[in-house]
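# Understanding the architecture of this molecule
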Amino acid sequence: MLLIKGNRLVSSNVSFDFPEKFSIVFNNKLYCENMIRFVSRTGIIKYGTVNIEVSLRYANESAVKDLRQFIGYGGHLRSEIKPIVRGDGTGYCAYYNACQKTIDMYAEKYDFPMTKQGVNRFDLCVFLMAGKGKKLVQNVEGGMDIPIVKKFLDSIRYK
């Protein structure tokens, strides 16, 4: 469960700001019931949009194992899995290619002790999605350097 405090979404183990100038996607066919998707307006990247998905969920496997097996959006691992420190906690992250150069993606997972709500994982996915009939001309690393995306990522705190 996430609580809104000021401009932040807060749980017992993670908190983050709302990304500025992004829309919240409602009634979307998301693969995870406890997920929020934020989508940029067109024009932030050439020929596409930046998408940010966050979720709190129950996970059977470790974050590292899930990143090795991650196949969301037809993703193929294209980097090493590395630790990432945010606040007082350490998660793990990796980069993926997907859907024949129409999606490029970054995934991050943070394990924490089981909560009363039965969740023990925070998942973050940032992906660039090409517009219809287009191909991406930049990778997700470039998208994550866009100031409003970087500001959102820098706001994430693990406890």
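See the structure printed just above.
Parameters and conventions
- Residues numbered from 1 in each chain as written.
- Predicted model: local features only at pLDDT ≥ 70, side-chain atom pairs only at ≥ 80, totals over all residues.
- Heavy atoms only, no water.
- Helix = DSSP H or I, 4+ residues; strand = E, 2+ residues; numbered from the N terminus.
- Rg over C-alpha atoms; globule rule 2.2 N^0.38 Å.
- Contact = heavy atoms within 4.5 Å.
- Areas by Shrake-Rupley, 256 points an atom, 1.4 Å probe, with all protein chains shown as cover.
- Lys, Arg positive; Asp, Glu negative; His and termini not counted.
- Charge placed at Lys NZ, Arg CZ, Asp CG, Glu CD.
- Buried < 20%, exposed > 50% of the residue type's maximum accessible area, 1.4 Å probe, protein only.
- Pairing = 2+ DSSP bridges.
- Axes fitted to C-alpha atoms, helices over the stretch in contact; angles between N-to-C directions.
- Salt bridge = Lys/Arg side-chain N within 4 Å of Asp/Glu carboxyl O.

## As for the overall build of the protein
The number of helices and strands found in the protein is 3 helices and 12 strands. Against the compact-globule benchmark of 15 Å for 159 residues, the protein has a radius of gyration of 15 Å, which places it among compact chains. Its C-alpha atoms give the protein principal-axis dimensions of roughly 45 × 35 × 30 Å. Partitioning the intrachain contacts of the protein with sequence separation of at least 6 by distance along the chain shows that 53% fall at a separation of at least 24. For the protein, the accessible area works out to roughly 8,800 Å², and carbon and sulfur atoms hold 53% of it. In the protein, the 24 positive side-chain charges and the 15 negative ones have mean positions that sit 6 Å from each other.

## Structural notes on the pairing of strand β3 (residues 14-17)
The side-chain alternation of β3 yields two buried faces, one formed by Val14 and Phe16 and the other by Ser15 and Asp17. Here strand β2 (residues 8-10) runs beside β3; their pairing, made up of 3 bridges, is antiparallel. Looking across to β3, one finds that Arg8 is bridged to Asp17. Here β2 hands over to β3 after 3 residues, the two strands then running antiparallel side by side. Relative to strand β12 (residues 157-158), β3 runs antiparallel, the two being bridged by 2 bridges.

## A few points about the environment of Ile36
Residue placement: Ile36 occurs in strand β5 (residues 35-40). Separated by 11 residues in sequence, Ile36 and Val25 have C-alpha atoms that sit 7.3 Å apart. Leave out the neighbours within four places in its chain, and Ile36 touches Leu2, Leu9, Ile24, Ile52, Glu53 and Val54.

## Structural notes on the sheet that holds β2
Strand order across the open sheet formed by 4 strands is β1-β2-β3-β12, with antiparallel pairing between neighbours. Lying at the two open borders of the sheet, with one neighbouring strand each, are β1 (3-5) and β12. Looking at chain direction, β1 and β2 are connected through 3 bridges and run antiparallel. Across the sheet, Lys5 pairs through a bridge with Arg8, a residue of β2. This element, helix α3 (residues 147-155), spans β2, β3 and β12 of the sheet and lies at about 155° to β3.

## So, the pattern of salt bridges
Per the stated rule, a full pass over the model turns up 14 salt bridges. Arg37 is paired through a salt bridge with Glu53; the nearest N and O atoms lie 2.3 Å apart. Residue Arg37 is found in strand β5, and its partner Glu53 is found in strand β6 (residues 48-57); the two are separated by 16 residues along the sequence. A single burial state applies to Arg37 and to Glu53, both of which are buried. Residues Asp123 and Lys109 are paired through a salt bridge, measuring 3.3 Å at the closest nitrogen-oxygen approach. Taken together, the positions of Asp123 in strand β11 (residues 121-130) and Lys109 in strand β10 (residues 103-111) put the pair 14 residues apart, joining distant regions of the chain. By relative accessible area, which is 6% here, Asp123 ends up buried. Within the structure, one salt-bridge network assembled from shared partners comprises Arg57, Asp66, Lys109, Asp111, Arg121 and Asp123.

So yeah, pure geometry; function would need other evidence.
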